[in-house]
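For reference, the chains in residue letters:
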Amino acid sequence: WIVSGGGMLMSWNAAGQLQWQQCVMDQPCSPGAGTFGGVAIADVNNDGTLDAVVQAEQTLRVLNAVTGSSQTSVRSRYQHGLLPSFATPTVASVNGKTWIVQVNIGDPNGNWQADGGDDLVVSIWTTGTALGAAPWPTFKGNMARTGGPESVPPPQPVVPSGRACFKVSGSAGDAAVVNLTPVEATNNGYGLLVSSGVTPPFASNVNYAPGTIDPNVAVAPIGVDGQVCYINSPLASVDLVADHLGTIRASAYEPAVPSGAPDRKVDTRDGLGGGRVPPSGRVCFTVAGLPGDAAVINLTPVNADNGGYGLLVSSGVTPPFASNVNYAPGTIDPNVAIAPIGADGRVCYINSPLASVDLVADHLGTIRGNAYVPAAESGAPDRKVDTRIGLGGGRVPPSGRICFAVTGSPGDAAVINLPPVDADNGGFGLLVSPGVTPPFASNVNYRVGTIDPNVAVAPIGRDGQVCYVNASSASVDLVADHLGTIRGTAYVPAVQSGAPYRKVDTRIGLGHA
């Protein structure tokens, strides 16, 4: 047996006698130091001798598994410190060569603690030789056997008119809230989230084009098989990233139509619901639900003649200075908006004074009034952060965090519209409850010059706040508008921490064959 502890690798025979031990840390070994991950056993250089492969800190080490003698060591090229590894190296044969893959946590802020400012670091080494055979099954069948009798197909994107279904937490009939991010599209297109088994209507949740990364939140009832499905347009193939945010209980949510599919209410390009929206214009439309319930609407402004923005409010409400969607000539950037239904059964889109635009509005469903508390008494969004003017804090640095108070009780779920602006590089951001270590997921993506808002949902912490956590790749200004709060009795986060849970990433084969 070869095991790790105190920064040492140690080998015992079947009689329990110590055969050899070697320190594999960058510093002198001591009790409590660690390689906390496992050891991969493989013939990495195809010389007929088994090797022990481990990474303790900055250095990957290969030892003779029988004698413990050092074969080679390679230091990581990551420019900051690496925390002691919790992961076992993966050894595999790729195109006839040995690959050693190691996952680490990078510590760019130098505090030697696992926190929201850390990086996920993946290192790949190759010996340049073929991988030898192991005489017995070792860690996960030696990992080399992934290239054995059963070949593993490479990851595939979602093809035109393709469907990617995945399981989410919740019961059949509950409504899953999912962040959809289409990437690496081969052409312009769109996509839709529906309950499994539903014939998709002519509607959309996301729009994409080659080179764009424009996420959007979708809501769909969970099917009898526990799944929801992304339906791709017939125009392009695309990779999909899907993060499950949480689930609204069926008792608190009424789909726009019985099938659970979106219901297109407005398309001014065709005259549905009205004509093109002029500057400062208003388009009101009827939705399913009772006055005081909260309508969940996907808004897609298109064919704008200038840069601008728009807002969804209850009928009769004077719009505040806030926004749900932003647009520019040539862009198609949808976003979800939530507004209380007015006494006349309607909600209204208010256009900015800067441009005329066509509007597409799809009603996703309605949250019952006893399960949703608007951020402001009028039902309009409440601007909590605008770092451009110092509201709520200053510009968010790489790996920075901004926390802000919202209405609601701890455990309730705050619904926040997040537009990152004026970024100095490409990046992403995430909304979490205070104290939560952010997972590898995202709510918003941004680039230099873009304004691409997206809705995020996060449980309110015990201090009454939620927190935006920025990527390590860029600094950015943040605007955050609180739309409202879903009561904790009506909303179940995807994971106990309240952070998003990545269900699909077709780029790496996660959740889609």
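Everything numeric here is computed off the predicted structure, so don't read it as measured data.

Draft legend 1. A look at a nonpolar patch on the surface. Among the surface-exposed residues, Trp99, Val103, Ile105, Leu120, Val122, Ile124 and Phe440 lie close enough to one another that they form a single nonpolar patch of about 640 Å² accessible area. Those elements giving two or more residues to the nonpolar patch turn out to be β10 (97-107) and β11 (119-126).

Draft legend 2. Structural view of the state of the cysteines. What the rule picks out here adds up to three disulfides. The disulfide that involves cysteine 165 links it to cysteine 229, with 2.0 Å between the sulfurs. In this structure the cystine formed by cysteine 165 and cysteine 229 twists about its S-S bond by roughly 105°; its chirality is therefore right-handed. You can see cysteine 165 sitting in strand β12 (residues 163-167) and its partner cysteine 229 sitting in strand β17 (residues 227-232), a full 64 residues away along the chain. Disulfide pairing is shown between cysteine 284 and cysteine 348; the S-S distance is 2.0 Å. What sets the handedness of the cysteine 284 and cysteine 348 disulfide is the S-S torsion sign, and at about 105° it is right-handed. Taken together, the residues cysteine 284 in strand β21 (residues 282-286) and cysteine 348 in strand β26 (residues 346-351) connect sequence positions 64 residues apart.

Draft legend 3. Seen up close, the sheet that holds β17. Within the open sheet, the four strands sit side by side as β12-β17-β14-β15. Their pairing is antiparallel. Among the strands making up the open sheet, the edge pair consists of β12 and β15 (206-208). The average undirected angle you get between the axes of adjacent strands in this sheet is 20°. With five bridges joining them, β12 and β17 adopt antiparallel strand pairing. Across the sheet, phenylalanine 166 pairs through a bridge with valine 228, a residue of β17.

Draft legend 4. Quick peek at the nonpolar core. Ranked by internal contacts, the top residues of the largest apolar core, which has 24 residues, are Ile248, Tyr253, Val296, Ile367, Ile486 and Tyr491. If near-sequence neighbours (up to four positions away) are discounted, tyrosine 253 is found in contact with Ala175, Val219, Ile248, Val296, Leu364, Gly365, Thr366, Ile367 and Arg368. The next biggest cluster of nonpolar side chains, apart from the first, holds 22 residues, and it includes Val385, Leu418, Leu431 and Ala474.

Draft legend 5. Spotlight on the environment of serine 93. Along the chain, serine 93 turns up in strand β9 (residues 90-94). Separated by 49 residues in sequence, serine 93 and valine 44 place their C-alpha atoms 9.3 Å apart.

Rules used in this analysis
Residues numbered from 1 in each chain as written. Predicted model: local features only at pLDDT ≥ 70, side-chain atom pairs only at ≥ 80, totals over all residues. Heavy atoms only, no water. Patch = residues over 30% accessible without salt bridge, like charges linked within 9 Å, V, L, I, M, F, W, Y side chains within 5 Å. Areas by Shrake-Rupley, 256 points an atom, 1.4 Å probe, with all protein chains shown as cover. Salt bridge = Lys/Arg side-chain N within 4 Å of Asp/Glu carboxyl O. Helix = DSSP H or I, 4+ residues; strand = E, 2+ residues; numbered from the N terminus. Disulfide = S-S within 2.5 Å. Pairing = 2+ DSSP bridges. Axes fitted to C-alpha atoms, helices over the stretch in contact; angles between N-to-C directions. Core = buried A, V, L, I, M, F, W, Y, C linked by side-chain atoms within 4.5 Å. Buried < 20%, exposed > 50% of the residue type's maximum accessible area, 1.4 Å probe, protein only. Contact = heavy atoms within 4.5 Å.

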